[in-house]
Amino acid sequence: PPRSTLFPYTTLFRSSIPKDYGTIGVIYDPAVVKHPIRTWQDYLDAGTQPGVSGKVELADVPDETLGIALWAEGKDWNTDNLADLRHAADVMKAFAKHVKAFNEFDVSGVTSGAVVMAVVTQGTARSMLLQKKTLKFVIPQPQSELWVDNYCITAKAPDPNQAYSFIDYFLQPAQQLKDCAFIGYPTALPNLQSKLPSSVPLREDIFISPADFDRLVPHVIHQSIQGEVENLYSQIQAAAA
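Residues numbered from 1 in each chain as written. Predicted model: local features only at pLDDT ≥ 70, side-chain atom pairs only at ≥ 80, totals over all residues. Heavy atoms only, no water.

1. A word on the sheet that holds strand 4 (residues 99–102)
At step 1: With mixed pairing, five strands are arranged side by side in an open sheet as 4-3-5-2-6. In this open sheet, the two edge strands, each paired with only one partner strand, are strand 4 and strand 6 (136–138). The mean inter-strand angle of the sheet, taken between neighbouring strand axes irrespective of direction, is 30°.
At step 2: Pairing geometry for strand 3 (residues 56–58) and strand 5 (residues 117–121), over two bridges, is parallel. The residue of strand 5 that forms the bridge with V56 is M117.
At step 3: Against the sheet, helix 6 (residues 122–131) touches strand 2 (24–28), strand 5 and strand 6, its axis set at about 125° to strand 5. (Pairing = 2+ DSSP bridges. Helix = DSSP H or I, 4+ residues; strand = E, 2+ residues; numbered from the N terminus. Axes fitted to C-alpha atoms, helices over the stretch in contact; angles between N-to-C directions. Contact = heavy atoms within 4.5 Å.)

As structure tokens, then:
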């Protein structure tokens, strides 16, 4: 399930440990999207332009989708103010008519040119850049998300010892390096950047620059309003139909 639906249920987990981390940004084809994307408002503006409209993708994550409108207006995406969230939803519903699909991992759509601008993670962007070097990936101003994927063992796991063994194997340094090179996200291995072989393709695109990292904000889920967030996201998707 999307990341946003997992974390309200952490009481169901026996234990959890970080696997990798990343952010979201915008990948686009500069040959079609004529104006550089520097801010989230640039992304929203570009999506309305001829040749771009109808060839845009949004993430399939409710909080990130609302976050775009909140970031574009310089607001806190961790707000629990329903008025702000509903206004953000209105912005994204108006934008939805330009959206082709809600898919954060559509590599083939972007590399084929069927999609010319998309919200993606940096690992997905790297996969696209490996196939089409003319694309450009940016983490728009003023903020974006810092997410962490975890290995989790559920509270009622039938064989937790086997799960621990599996996680222990993947946390070994050699496996961490292989995992990082394959998925394109930094894993939890200390000093990973200095240990990752220079032969790894697009190695620099795996890591987030310090200047960009300072602008990233983890998402805080407010369980009391998460149902409304999911409902607003459904309305945004419906507006794209």
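2. A look at the packing of helix 3 (residues 62–72) against helix 11 (residues 223–240)
At step 1: For the pair helix 3 and helix 11, interaxial distance at closest approach is 9 Å and the crossing angle is 75°. It follows that helix 3 is roughly perpendicular to helix 11 by the angle criterion. Mapping the contact onto sequence places P62, D63, T65 and L66 in helix 3 and Q226, V229, E230, Y233 and I236 in helix 11.
At step 2: For the contact of helix 3 with helix 11, the class distribution of residues is five nonpolar, two polar and two charged. (Parallel < 35°, antiparallel > 145°, perpendicular 65-115°, else oblique. Nonpolar A, V, L, I, M, F, W, Y, C, P; charged D, E, K, R; others polar.)

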